[in-house]
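Examining the three-dimensional arrangement
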Amino acid sequence: MAVWMCSSASIILPRFPSSPTQTVDWKKKLCKIDTWNDHKNADPLPRSSYRPNCAVPSSSPPSASSSISVSEMSSERSKKVWILTQSKQVMTAAVERGLNTFLFFPHHRFLADEWSSIALIRPLFIKEGEVLDSEKRRIATVFEVSTPQELQLLNPESAQADNVIVDLKDWQMIPAENMVAAFQGSGKTVFAISKSASEAQTFLEALEHGLGGVVLNVEDVEPLLELKDYLDRRNEGQNLLSLSKATITRIEAVGMGDRVCVDLCSLMRPGEGLLVGSFARGLFLVHSECLESNYIASRPFRVNAGPVHAYVCIPGGRTCYLSELKAGKEVIIADQKGRTRTAITGRVKIETRPLVLVEAKIEAESGTTYSIFLQNAETVALIPPPCTVNETKLVTAVPVTSLKLDDEVLLRVQGGARHTGIEIKEFIVES
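Report on the accompanying structure. No experiment lies behind these values; they were computed from the predicted model shown. (Residues numbered from 1 in each chain as written. Predicted model: local features only at pLDDT ≥ 70, side-chain atom pairs only at ≥ 80, totals over all residues. Heavy atoms only, no water.)

Burial runs high along strand β18 (residues 330–335): five of the six residues are buried. Direction of pairing for strand β13 (residues 272–279) relative to β18: antiparallel, over a ladder of three bridges. From the neighbouring strand, G273 faces β18, where its bridge partner is A334. Looking at chain direction, β18 and strand β19 (residues 340–362) are connected through five bridges and run antiparallel. Along β19, the bridge assignment pairs E330 with I344. Hairpin connection between β18 and β19: a loop of four residues separates the two successive antiparallel strands, and G338 in this loop has a positive phi of roughly 85 degrees. (Buried < 20%, exposed > 50% of the residue type's maximum accessible area, 1.4 Å probe, protein only. Helix = DSSP H or I, 4+ residues; strand = E, 2+ residues; numbered from the N terminus. Pairing = 2+ DSSP bridges.)

Okay, here's the thing in structure tokens:
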């Protein structure tokens, strides 16, 4: 990952010509600016619900393409983070978090030399609208976009390198979406200069897939930490969880309780739900209300998750109580195969409803019981292991009203001891 150094000196950026056929001289090299062509009519990006992940790079020497890796269900390329700063504290924090590529202005070469002597970094240098490596090979071209006309003229043919850095002077989201559409399938990586973690997030999520990377231009450590935390959460949302088969050992109606409906800002598909349980050591996969029925409309954004005391899985390897969820808080959605993604809570409803206690055991752990309380209703269901009926229809949910002893459901087994939702190692007995 690279560091984009912030300075009072201005970045020399090429400006777009007024005519699509006009040429500009960068270091005495001609660069023809073509029109938007057919990019504005390009097909929309294929929908992908799984988010990119951020993995700490190995100890191998960094390269100009060092990036936050993406393990996606789609073919999306890896997200890259370059950082521009003069702050040694920002540099140190970046290197400690696996971000190793730094950009420097020519008059800051002394910083590149100093930092290279104390940390394993790959310095790149900004010069006359280009980014060069230490051997003066062109790594990226840099564009300033301040008008819609300049944005329309920016396309893969106008870029003279595999990487394109864009400084958006006005609007952010709409230009970023246009660039995602224009550069898809081109093999080029588009970066946007960001002055905060929230700006970087905007660029990385534009048109769902986002730009290929960001240049974080900061002098304070906090935005760097926020961006890394955001990328880590996206990383977790892409991981495969290990889910275990558990056998139902008890089903009992227990009376009234305050149960929580979690309405998300995302739609869920059959086989997806939230991980919920009475104990953090074992979370049941509770299905969403995405399935059609004769008596009530489908609500694919909702999970009738359980009572207020139950734990729910959230990003960062943490849990929280269902009663603590509120609008804006992220949760983890999982499916039958353990694929996960993050989603934002849009609304939480707590209402008094009849509850049923469900207990289950894993065959190899005959002494451990896992439990969950659920509303006693046909729309509330647990997710079983992948199986088919008559070798055709995949069973994705078993309503709690149809649940029987010895039925199998999916369970996430993890450490039970928690402090403010964080797993800790200590002796604990819960029943």
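And the narrative resumes.
All right, on to unusual backbone geometry then. Within the chain, K136 stands out as a residue other than glycine whose phi angle is a positive 65 degrees. Position of K136 relative to the elements: it lies in the loop between β7 (130–132) and β8 (138–145). Judged by relative accessible area, which is 69%, K136 ranks as exposed. Positive phi values are uncommon outside glycine, yet D406 reaches one of about 75 degrees. Take D406: it is sitting in the loop between β24 (398–399) and β25 (408–413).

What follows is about the state of the cysteines. According to the stated counting rule, one finds zero disulfides in the structure shown. The closest cysteine sulfur to the non-disulfide-bonded C313 is located on C320, 9.4 Å from its own sulfur. Assessed through its relative accessible area of 5%, C320 is described here as buried. (Disulfide = S-S within 2.5 Å.)

Among the residues making up helix α1 (residues 88–96), those that are buried are V90, M91, A93 and A94. In an axial view of α1, the angular spread of the buried residues amounts to 165 degrees, which keeps them on one side of the axis. In this structure, α1 carries Q89 and E96 as exposed residues pointing more than 90 degrees from its buried face. Residue S87 occupies the N-cap position of α1, its side-chain oxygen lying 3.2 Å from the main-chain nitrogen of Q89. Immediately beyond the C-terminal end of α1, within one or two residues, lies G98, with a positive phi of roughly 85 degrees. (Arc of directions from axis to C-beta. Polar contact = N/O pair within 3.5 Å; in protein donor to acceptor, adjacent residues only side chain to side chain.)

Once that is clear, we can look at a nonpolar patch on the surface. Taken together, the side chains of W171, M173 and I174 define a hydrophobic patch exposed on the protein surface, amounting to about 320 Å² of accessible area. Examined against the element boundaries, M173 turns out to sit in helix α4 (residues 173–183). A relative accessible area of 32% means that M173 is categorised as partly exposed. (Patch = residues over 30% accessible without salt bridge, like charges linked within 9 Å, V, L, I, M, F, W, Y side chains within 5 Å. Areas by Shrake-Rupley, 256 points an atom, 1.4 Å probe, with all protein chains shown as cover. Salt bridge = Lys/Arg side-chain N within 4 Å of Asp/Glu carboxyl O.)

Under the criterion given, the structure shown has 15 salt bridges. The salt bridge involving E359 is made with R250; its shortest N-O contact spans 3.2 Å. Here E359, found in strand β19, pairs with R250, found in strand β12 (residues 244–264); they are 109 residues apart in sequence, far enough to count as distant. Judged by relative accessible area, which is 33%, R250 ranks as partly exposed. Put simply, R302 and D263 hold a salt bridge, and the shortest N to O gap is 2.7 Å.

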